[in-house]
Amino acid sequence: MIEGPFFALTLLAALGCGLIAGVFFAFSTSVMRTLGALPWKQGLTAMQKLNVLIINPVFLGVFVGTAVLSVVVAVMTFVIWPDEGAWELLIGCALYLVGCFGVTVAANIPRNDALDKLDPESPESAEQWQTYVKEWTAWNHVRGAGALAACAALVLALAA
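Residues numbered from 1 in each chain as written. Predicted model: local features only at pLDDT ≥ 70, side-chain atom pairs only at ≥ 80, totals over all residues. Heavy atoms only, no water.

Chemist: For this particular structure, what's the right way to read helix α4 (residues 86-116)?
Modeler: Each turn of an α-helix holds 3.6 residues, which means side chains three or four residues apart point in the same direction. In a regular helix each residue adds 1.5 Å, so 31 residues correspond to 45 Å; α4 covers 42 Å between its end C-alpha atoms and thus fits that length. At T104, α4 shows its largest bend, some 45 degrees. (Helix = DSSP H or I, 4+ residues; strand = E, 2+ residues; numbered from the N terminus. Expected span 1.5 Å × (residues − 1). Bend = angle between axes of the 7 residues up to and from the residue.)

Chemist: Just to check I follow, could you spell out the nonpolar core for this structure?
Modeler: The nonpolar side chains of a soluble globular protein tend to be buried, and buried together. In terms of nonpolar packing, the biggest core is built from 25 residues, with I20, F63, L89, Y96, C100 and L154 touching the most fellow members. When residues of this core are traced back to their parent elements, those giving at least two are α1 (4-37), α3 (57-80), α4 and α5 (125-159). Looking at which element gives the most residues to this core, the answer is α1, with seven residues. Leaving out residues up to four positions away in the same chain, L89 has contacts with I2, F6, T10, V73, T77, P82, L154 and A157. Within the second largest apolar cluster, eleven residues are counted, among which are M47, L118, Y132 and W136. (Core = buried A, V, L, I, M, F, W, Y, C linked by side-chain atoms within 4.5 Å. Buried < 20%, exposed > 50% of the residue type's maximum accessible area, 1.4 Å probe, protein only. Contact = heavy atoms within 4.5 Å.)

Chemist: Even after reading the chapter, I still don't get the side chain of N140, so can you show me in this structure?
Modeler: Take N140: it is sitting in helix α5. Residue classification places N140 among the buried residues on the basis of a relative accessible area of 1%. Engagement of the side chain of N140 in a polar contact is seen with the backbone oxygen of F24, the distance being 2.8 Å. Sequence-distant contacts of N140, defined by excluding residues within four places in its chain, comprise F24, F27, S28 and N108. (Polar contact = N/O pair within 3.5 Å; in protein donor to acceptor, adjacent residues only side chain to side chain.)

Chemist: Would you mind showing me how to read the packing of aromatic side chains here?
Modeler: In this description, a pair of aromatic rings is defined by centroid distance and the angle of the planes. As enumerated under the stated definition, the model contains nine aromatic pairs in all. Both rings, one in F78 and one in W81, keep their centres 6.1 Å apart while their planes meet at 35 degrees; by these two values the pair is tilted. Here a set of aromatic residues connected by ring pairs shows up, and it is made of F24, F59, F63, Y96 and F101. Over the aromatic face of F24 sits the side chain of R143, whose NZ or CZ is 3.7 Å from the ring centroid. (Phe/Tyr/Trp six-rings, centres within 6.5 Å; stacked < 30°, edge-to-face > 60°. Lys NZ or Arg CZ within 6 Å of the ring centre and 35° of its normal.)

Chemist: Just to check I follow, could you spell out unusual backbone geometry for this structure?
Modeler: Note on backbone geometry: most residues besides glycine have negative phi, and most peptide bonds are trans. The backbone of W81 sits at a positive phi, close to 40 degrees, despite the residue not being glycine. Among the structural elements, W81 can be located in the loop between α3 and α4.

Okay, structure coming up:
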């Protein structure tokens, strides 16, 4: 059974995964659908602003903090190797680190960087905006599913 500080760190990691999954769910189901439905100049400009405002201590604290907790929990799992839930812990940590954090770094951030360079007044940006919305949202689904699956695996480990 997972106990003490190991339990607390795992619980915090699971809660962080759940929070991030919720943020990404809201983006996929509401924010991106709304921005995609706006006239392209407005949607592009709004997303450029969102990409600046999301970089704040609260979001980054949870997003990066959960990645750090995932590394700590994975290392503790190898050191302690609990009788029950070890594999669930490792799977949960890997899902967050690869399926959420890694996807963000490899897929969403490069698209955000490219979007930042678009000029909302240039007609060529219209097609690039439409491509961005489709691709970014698809990758957002992936990272949201990764965070949710990570949360489930960590909760299963705590229940083992």
